[in-house]
Amino acid sequence: MDFELNEDQQAILEAVDRLLEQHAGPTRAIELFANNTYDSELQQALEESGFSNILNDMAMEEGKLAGLEAALVVEAVARAAGVCAIGSQIMLAPLLTGKELTDQALEGPVAICLRSQIEKPVPLRYGANAKTLLVLADSNSDDDLEVITLGDGDMESVKSNFGYPMGRLVNTSVSGTKLGADVASKVRNWWRLSLAIETVGTMEAALNHTVEYVKQRRQFGRAIGSFQAIQHRLSLCAIQVEGSRWLAREAAYHNAQDEAVANAAAFAIAAADKVFGESHQMSGAVGFTREFDLHVWSMRLHTLRQELGGLGGHRKAVVAARWG
Amino acid sequence: MNINFSKQELAFQTEVREFLQDYNDIDGFLSQGPVWPQVRAMFSAMGERNWLALTWPEEYGGMGKGHSYEYILWNEVAYARAARNPLSSGVVAKSIMRYGSDEQKQTFLPKIRTGEVHFSLCYSEPEAGSDLAGLRTKAQLNDAGTHYVLNGQKCWQSYAQDMDFLWILARTGKQEDRGRGLSLFICDKQTAGITVSPLPTVDDDQLNEVFFDNVEVPVAQRVGPENGAWAIIGEALADERHIQFPPGRVRRDLEEMVDWLNAQGLGDDPVIRERMAHLVSKVMEAEILGLRVLEAMEKGRNATVDAAMNKIVHTLTCQDIPRMVLDYGGPEALVNGYRPEQIWRQSIMETIGGGTSEIMRSVVSRQALGLKG
Ligand SMILES: Cc1cc2nc3c(=O)[nH]c(=O)nc-3n(C[C@H](O)[C@H](O)[C@H](O)COP(=O)(O)OP(=O)(O)OC[C@H]3O[C@@H](n4cnc5c(N)ncnc54)[C@H](O)[C@@H]3O)c2cc1C
């Protein structure tokens, strides 16, 4: 048993962190978000540095998908609040490249949703920027996947306050290539995994921001982090983040098996609400202002909570995976 | 025991509801800044009925009624989403009546009663939130003994951008005197040396920072004795406990969340219905604890613990109600301006402003349970 990252994994993490220092971070996220803009530069930088295709590239050498390595990259980008459809780009698109569909990489940004969310369109993460839309059946019992190339005007931008540029389908008659149940269930699992991982990176950053704050914020002549009322609750948050991280990494390490991903997502999504509440509470009034960066991560947690049927959807998937 | 309002009180409630029919669309409770002119007009209309002075003694032009009338008024106004109770007719006016000079009474009480002037509360500072007694804004008496000169910074002032006067807590004694070294001042916001600058908040509204740069405030604008502010602000807080967290707000929140879920076709889901039932209990808990506070005040009993319990329950309920929608509503719940997401973002502050939940819990544990430390 060894939870340590190996040298290659460590190197990947360091390299992506270096790239993110230049191309991401809360200040940039705030700037882009103010204009509901997508970070094409970050996407390009990740593509050029080879991170986008890490799942498949490493598979070529080792004969199996590099789920953990891909997860490390997604986690890091979420921690740095990258405004880029990183989950779908790194975890979903490569699954389809070179398969039944095309030998070209899918054109990103890639947005993803359930069939019913096309019939009655809802706001989608990166929807207004997406070039490709993946549509999954609502339930995995009749799974299928449609890959739709989006044209100008198919989507419209939707204003939201939850940290990601959002868009809604306006052309509900769009259609594309249908793929079978086999690839659909894979995409579903990797989507769930990427949600879990993005949630981990995002809530870790929110928690870190809060922990730093309670160390330096002084009231009653002492750091507020020295009060047990604060310490105990932040400890519980840290445990939740840690549990979420390792469940998600384990699911990634085993390349997105049904039960593991459903459980990782259910666990992380539940933790996200807890971390949101506590990090805002401990930050006091300053955490309610846009001056303090906490909102960059904390608000995103609620968008992540809504996808793939949300907490209820993930929990149903856990039960279905274990007991049918 | 009699957990009912009297006939007269119920008649007043009906009158308030009728009055509010003209103001049901203002929507100034959750976010006052954008609709301040309308809220101000409503306060003036209330002033015409003398409702801003319901509990004031008749000698100050008030109606001399019991606390229940204020409770009913502001509870209905909260339910109608029209506005929050103004500081001027509560904290400010009641402190002036108790501690103010005759001149202050003559200058301010008539204008407050008619809704002509409004105040912003300048207590908190960057370094003094929960620990208010640590505040540093200095008020130094000049050599001639005619003016105090204020220097320092306040922050997180609600609505300061729109108010006419500031109600300022400042240090006249030594820093180590903490609460015993503070005095209260009234200051026109237009006075030279005052700068108000916005702090945008995550609910798309704003708080403010207020800077004092050698601001000259005549001695006559100090309220109460020098270094005597701590008791005044404590009593002022106590005066307002029954109207600070009106349960009409959470009752309305729940109704709106359920309407939203029904409109999305989610209202029949048994899991969601169970959550609705839980929230009905929470709202009723907030209502009954709110009435406990009212009863304590009517009987002249110390309501500190009741109010702390009520604040904790009420404000957590403010957050639990929209949480139901964020748990079950799907991505549609995220669209800007929909009630659920608006209330979700706004309610973050409820457990912080007006004394945090942690401070309230300490009040309960110390004063109700006798746990020291
Ligand atoms: C929307 C809003 C409106 C406001 N309006 C006004 C206004 O009009 N005028 C004004 O003067 N002020 C206003 N305030 C400020 C408000 O009074 C303070 O936010 C509040 O007193 C808490 O202070 P703080 O934000 O500095 O948090 P801090 O005191 O820094 O607290 C941060 C965290 O530490 C915890 N903590 C602090 N001390 C302890 C302890 N002893 N034990 C355990 N935990 C502790 C707190 O509970 C909180 O979780 C407003 C605040 C908000 C959010």
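The residue count restarts for each chain, going from 1 along the sequence in the order it is written. Here the convention is simple: chains get letters from A, ligands get numbers from 1, in the order in which they are written. Under the rules for a predicted model, residues below a pLDDT of 70 receive no local features and side-chain atom pairs below 80 are neither given nor counted, while totals for whole chains, interfaces and linings still include all residues. With hydrogens and water stripped out, all remaining heavy atoms of the structure feed into the side-chain values.

So, the overall build of chain B
Working step 1: Secondary structure summary: chain B contains twelve helices and eight strands in total.
Working step 2: Expected size for 373 residues packed as a compact globule is a radius of gyration near 21 Å; at 21 Å, chain B falls within 12% of this value.
Working step 3: For chain B, the spread of C-alpha atoms along the three principal axes comes to 75 × 45 × 45 Å.
Working step 4: Three exposure classes are used, based on accessible area relative to the maximum for each residue type with a 1.4 Å probe and protein chains only: buried under 20%, partly exposed in between, and exposed over 50%. Looking at the 373 residues of chain B, the share that counts as buried comes to 55%.
Working step 5: In this analysis, two residues are considered to be in contact whenever any of their non-hydrogen atoms come within 4.5 Å of each other. Considering only contacts within chain B whose residues lie at least 6 apart along the sequence, 72% involve residues at least 24 apart.
Working step 6: By element, 50% of the accessible surface of chain B is carried by carbon and sulfur atoms, the whole surface being about 15500 Å².
Working step 7: Charge counting treats Lys and Arg as positive and Asp and Glu as negative, with His and both chain ends excluded. Charge positions are represented by NZ for Lys, CZ for Arg, CG for Asp and CD for Glu. For chain B, the separation between the mean place of its 38 positive charges and that of its 51 negative charges on side chains is 6 Å. Secondary structure elements follow DSSP: runs of H or I of four or more residues count as helices, runs of E of two or more count as strands, with numbering from the N terminus. Put simply, the radius of gyration uses C-alpha atoms, and a globule should come to 2.2 Å times the residue count raised to 0.38. Per-residue and other accessible areas were derived by the Shrake-Rupley procedure at a 1.4 Å probe size, with only the shown protein chains allowed to occlude residues.

Details of the pattern of salt bridges
All names here are of chain B.
Working step 1: For this analysis, a salt bridge means a side-chain nitrogen from Lys or Arg found within 4 Å of a carboxyl oxygen belonging to Asp or Glu. In total, this model carries 49 salt bridges over all chains according to the counting rule given.
Working step 2: Glu15 serves as the salt-bridge partner of Arg49, at 3.8 Å between the closest nitrogen and oxygen. Remark: Glu15 occurs in helix H1 (residues 7–20) and Arg49 occurs in the loop between helix H2 (36–48) and helix H3 (67–79); sequence separation between them is 34 residues.
Working step 3: The exposure class of Glu15 is partly exposed, given its relative accessible area of 35%.
Working step 4: The closest approach of N and O atoms between Glu295 and Lys299, which form a salt bridge, is 2.7 Å.
Working step 5: A single network of salt bridges, built from pairs that share partners, joins Asp27, Arg81, Arg84, Arg249, Arg252, Asp253, Glu256, Arg339 and Glu350.

Notes on the packing of aromatic side chains
Residues and elements named next belong to chain B.
Working step 1: The pairing test for Phe, Tyr and Trp rings, Trp by its six-membered ring, is centres within 6.5 Å, and the orientation test on the planes gives stacked under 30 degrees, edge-to-face over 60, and tilted for anything in between. Within this structure, the stated rule accounts for 19 aromatic pairs over all chains.
Working step 2: Consider the rings of Phe5 and Tyr71, whose centres lie 6.0 Å apart with planes at 40°: the pair is tilted. Linking Phe5 in the segment before H1 with Tyr71 in helix H3, this pair joins segments that are 66 residues apart in sequence.
Working step 3: Residue Phe5 is classed as partly exposed on the basis of its relative accessible area, which comes to 26%.
Working step 4: Judged by centre distance (5.9 Å) and plane angle (65°), the ring pair of Phe108 and Phe119 falls under edge-to-face.

Concerning the nonpolar core
Working step 1: Grouped together as the largest cluster of nonpolar side chains are 105 residues, with contacts concentrated most on Leu20(A), Leu46(A), Leu96(A), Leu134(A), Leu145(A), Val187(A) and Leu193(A).
Working step 2: In this document the domain limits rely on a domain assignment from an automatic tool or a database. Each of domain 2 (119–227) and domain 3 (244–368) of chain B gives at least three residues to this core. To define a nonpolar core, start from buried Ala, Val, Leu, Ile, Met, Phe, Trp, Tyr and Cys residues and group those joined through side-chain atoms within 4.5 Å.

Brief notes about the site of the ligand
Working step 1: Contacts to the ligand come from 27 residues, most closely from Arg217(A), Leu121(B), Ser130(B), Thr356(B) and Glu358(B).
Working step 2: By the criterion applied in these results, polar contacts are pairs of N or O atoms within 3.5 Å in which, for protein atoms, one can donate a hydrogen and the other can accept it, and in which residues neighboring in sequence qualify only through two side-chain atoms. At 2.8 Å, a side-chain N or O of Ser158(B) approaches a nitrogen atom of the ligand.
Working step 3: For the ligand, the protein covers 91% of the area, taking 960 Å² as the surface of the free molecule.
Working step 4: Of all the elements in the fold, those that place two or more residues in the shell around the ligand are helix H9 (228–253) and helix H10 (258–283) of chain A together with helix H12 (357–368) of chain B.
Working step 5: Mapping the shell around the ligand onto the domain boundaries places at least three of its residues in each of domain 2 (119–227) and domain 3 (244–368) of chain B. Note on definitions. A residue lies near a molecule or strand when any single heavy atom of the residue is within 4 Å of it.

Points about the interface of chain B and chain A
Working step 1: Taken together, the contact pairs 40 residues of chain B with 35 residues of chain A.
Working step 2: Buried area: the sum, over both parts, of the accessible surface (1.4 Å probe) that disappears when the two are put together. Interface area for chain B against chain A, summed over the two sides, is near 3300 Å², with a carbon-plus-sulfur share of 57%.
Working step 3: Counting the surface chain B buries against chain A, the share from its top three residues, Val202(B), Pro331(B) and Leu334(B), is 19%.
Working step 4: Counting the contacts that link chain B with chain A gives five salt bridges.
Working step 5: Inspection of the region where chain B meets chain A yields 24 residue pairs in polar contact (both at pLDDT 80 or more).
Working step 6: Among the elements of the structure, strand E6 (194–200), helix H10 (304–328), helix H11 (339–347) and H12 of chain B are those that each provide at least two residues to the side of chain B that touches chain A.
Working step 7: Just so you know the grouping, Ala, Val, Leu, Ile, Met, Phe, Trp, Tyr, Cys and Pro go in nonpolar, Asp, Glu, Lys and Arg go in charged, and all remaining residues, Gly too, go in polar. Of the residues belonging to the side of chain B that touches chain A, the class tally is 17 nonpolar, eleven polar and twelve charged.

Some points on the domain arrangement of chain B
Residue and element names in this part refer to chain B.
Working step 1: Segmentation of chain B into domains returns domain 1 (7–85), domain 2 (119–227) and domain 3 (244–368).
Working step 2: On a C-alpha basis, the centres of domain 2 and domain 3 stand 31 Å from each other.
Working step 3: On the domain 3 side, the residues contacting the four residues of domain 2 number six residues.
Working step 4: Between domain 2 and domain 3 the total buried area reaches about 380 Å² when both faces are included, carbon and sulfur atoms providing 50% of it.
Working step 5: Linking domain 2 with domain 3 are one salt bridge, by the criterion used here.
Working step 6: With a closest N to O distance of 3.2 Å, Arg345 and Asp204 form a salt bridge.

Some words on H3(B)
All names here are of chain B.
Working step 1: To estimate how far a helix should reach, multiply one less than its number of residues by 1.5 Å. Over its 13 residues, H3 extends 18 Å from the first C-alpha to the last, a length consistent with the 18 Å expected when each residue adds 1.5 Å.
Working step 2: For H3, a buried count of eleven out of 13 residues is recorded, marking the element as mostly surrounded by other parts of the structure.
Working step 3: Burial in H3 covers these residues: Ser68, Tyr69, Glu70, Tyr71, Ile72, Leu73, Trp74, Asn75, Glu76, Val77 and Ala78.
Working step 4: Once H3 ends, the next one or two residues include Arg81, with phi positive near 65°.

Looking at the packing of H3(B) against helix H9 (residues 270–298) of chain B
Residue and element names in this part refer to chain B.
Working step 1: Only the stretch in contact is used when a helix axis is fitted, and all axes are lines through C-alpha atoms; the angle between N-to-C directions ranges over 0 to 180 degrees. Where H3 contacts H9, the axes come no closer than 9 Å and their chain directions differ by 150°. Compared by their axis directions, H3 and H9 come out roughly antiparallel. Contact residues: H3 offers His67, Ser68 and Tyr71, while H9 offers Glu287, Gly290, Leu291, Leu294, Met297 and Glu298.
Working step 2: Residues of the contact of H3 with H9, tallied by class, amount to four nonpolar, three polar and two charged. In what follows, roughly perpendicular refers to angles from 65 to 115 degrees, roughly parallel to angles under 35, roughly antiparallel to angles over 145, and oblique to any angle outside these ranges.

Quick look at the side chain of Lys311(B)
Residue and element names in this part refer to chain B.
Working step 1: As for its placement among the helices and strands, Lys311 is situated in helix H10.
Working step 2: Glu350 provides the closest opposite charge to the buried, unpaired Lys311, separated from it by 6.3 Å.
Working step 3: Within polar-contact distance, the side chain of Lys311 engages the backbone oxygen of Glu350 at 3.0 Å.
Working step 4: Dropping the residues within four chain positions of it, Lys311 is found in contact with Phe245, Glu350, Thr351, Ile352, Gly353, Gly354, Gly355 and Met360.

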